[in-house]
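Listed here are the chains, written in short residue letters.
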Amino acid sequence: MNPVDIITVDSVSMQVPPGWEASRQNGEALVLAPATGGFRPNLTLRTRPFEGTAGRAATQEAAGVLAALESPQVLSWNLWPYSGAEGRWIEYTYETPEAVLHVQQWFHLRDGLLTTCTATCRTSQLPAYDQAFSVMAGSIQAQDGTRDG
């Protein structure tokens, strides 16, 4: 897919900055920063039905991260009030053989639909991409209508 202004998954849409590449596959959106060599910062957007709270979903995700990754560092865990929907925002880092990666995840729950937005970059890339990640996550909007199949 060519760079787009808006990408939608189910009934949730998000703005995509100029120059970033957006695609959809298996019900998930992938947004890639412009290629500059090395690790390519990216953001995924996915939705799924969820019975519970956004806090519970974030807790389950964090538990999975702690179990799956070697020595992750949880940096922050915040409430993320979003357009009348309950939300959470967590940040953590973890080491790979190639680099230390910085991950930010935003969760919000509306009408039983959990939206998860995950931004990943090298820790050294965060100053260059943090603002774009925040703008994309902040642009998420749940639309009325049916979910994608």
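Provided above is the structure to which this section pertains.
This structure is a prediction, so every number in the text was calculated from the model and none was measured.

Calculation notes
- Residues numbered from 1 in each chain as written.
- Predicted model: local features only at pLDDT ≥ 70, side-chain atom pairs only at ≥ 80, totals over all residues.
- Heavy atoms only, no water.
- Salt bridge = Lys/Arg side-chain N within 4 Å of Asp/Glu carboxyl O.
- Buried < 20%, exposed > 50% of the residue type's maximum accessible area, 1.4 Å probe, protein only.
- Helix = DSSP H or I, 4+ residues; strand = E, 2+ residues; numbered from the N terminus.
- Pairing = 2+ DSSP bridges.
- Axes fitted to C-alpha atoms, helices over the stretch in contact; angles between N-to-C directions.
- Contact = heavy atoms within 4.5 Å.
- Expected span 1.5 Å × (residues − 1).
- Arc of directions from axis to C-beta.
- Polar contact = N/O pair within 3.5 Å; in protein donor to acceptor, adjacent residues only side chain to side chain.

> Got a minute to help me understand the pattern of salt bridges in this structure?
If the charged atoms of two oppositely charged side chains come close together, the side chains can form a pair. As enumerated under the stated definition, the model contains 3 salt bridges in all. Of the charged contacts, one joins Asp111 and Arg110 as a salt bridge, the two residues approaching to 3.9 Å between their closest N and O atoms. Given a relative accessible area of 33%, Arg110 falls into the partly exposed group.

> For this particular structure, what's the right way to read the pairing of strand β9 (residues 113-122)?
Moving residue by residue along a regular strand, the side chains alternate between the two faces of the sheet. Where burial is concerned, most of β9 is hidden: 9 out of the 10 residues are buried. Inspection of the sheet shows strand β5 (residues 42-49) paired to β9 by 8 bridges, in the antiparallel sense. Looking at the pairing, Leu43 lines up with Ala119 of β9. Two strands pair when backbone bridges link them, and strand β8 (residues 100-110) and β9 are joined in this way by 10 bridges, in the antiparallel orientation. Within β9, the residue paired with Gln105 across the bridge is Thr118.

> Explain the sheet that holds strand β3 (residues 21-25) to me, please; I cannot follow it from the model alone.
The strands that make up a sheet are held in pairs by hydrogen bonds between backbone atoms, and each pair lies either parallel or antiparallel. Pairing is antiparallel across the open sheet formed by 7 strands, whose spatial order is β3-β4-β5-β9-β8-β7-β6. The strands lining the two open edges of the sheet, one partner per strand, are β3 and β6 (73-79). Across the sheet, the axes of successive neighbouring strands diverge by a mean angle of 15°, strand direction being ignored. In the sheet, β6 pairs with strand β7 (residues 86-95) via 6 bridges, with the strands oriented antiparallel. Paired with Ser76 across the strands is Glu91, a residue of β7. The strands touched by helix α2 (residues 126-138) within the sheet are β4 (28-32), β5, β8 and β9, with β8 carrying the most contacts at an inclination of about 10°.

> In this structure, what is going on with helix α1 (residues 54-68)? I would like to understand it.
The periodicity of an α-helix, 3.6 residues per turn, causes residues three or four places apart in sequence to face the same way. Look at α1: 21 Å from first C-alpha to last across 15 residues, which is about the 21 Å you get at 1.5 Å a residue. Among the residues making up α1, those that are buried are Ala54, Gly55, Ala57, Ala58, Ala62 and Val65. Taken down its axis, α1 places every buried residue within 160° of arc, on the same side. Turned more than 90 degrees from where α1 packs its buried face, Ala67 and Ala68 sit exposed.

> Looking at this structure, how should I read the side chain of Gln105?
Structurally, the position occupied by Gln105 is in strand β8. Overall, Gln105 belongs to the buried group, its relative accessible area being 2%. At 3.3 Å, the side chain of Gln105 and the side chain of Glu61 are in polar contact. In terms of polar contacts, Gln105 uses its side chain to reach the side chain of Thr118, at 2.9 Å. Setting aside residues up to four positions removed in sequence, Gln105 forms contacts with Glu61, Arg88, Trp89, Ile90, Tyr92, Thr116, Cys117 and Thr118.

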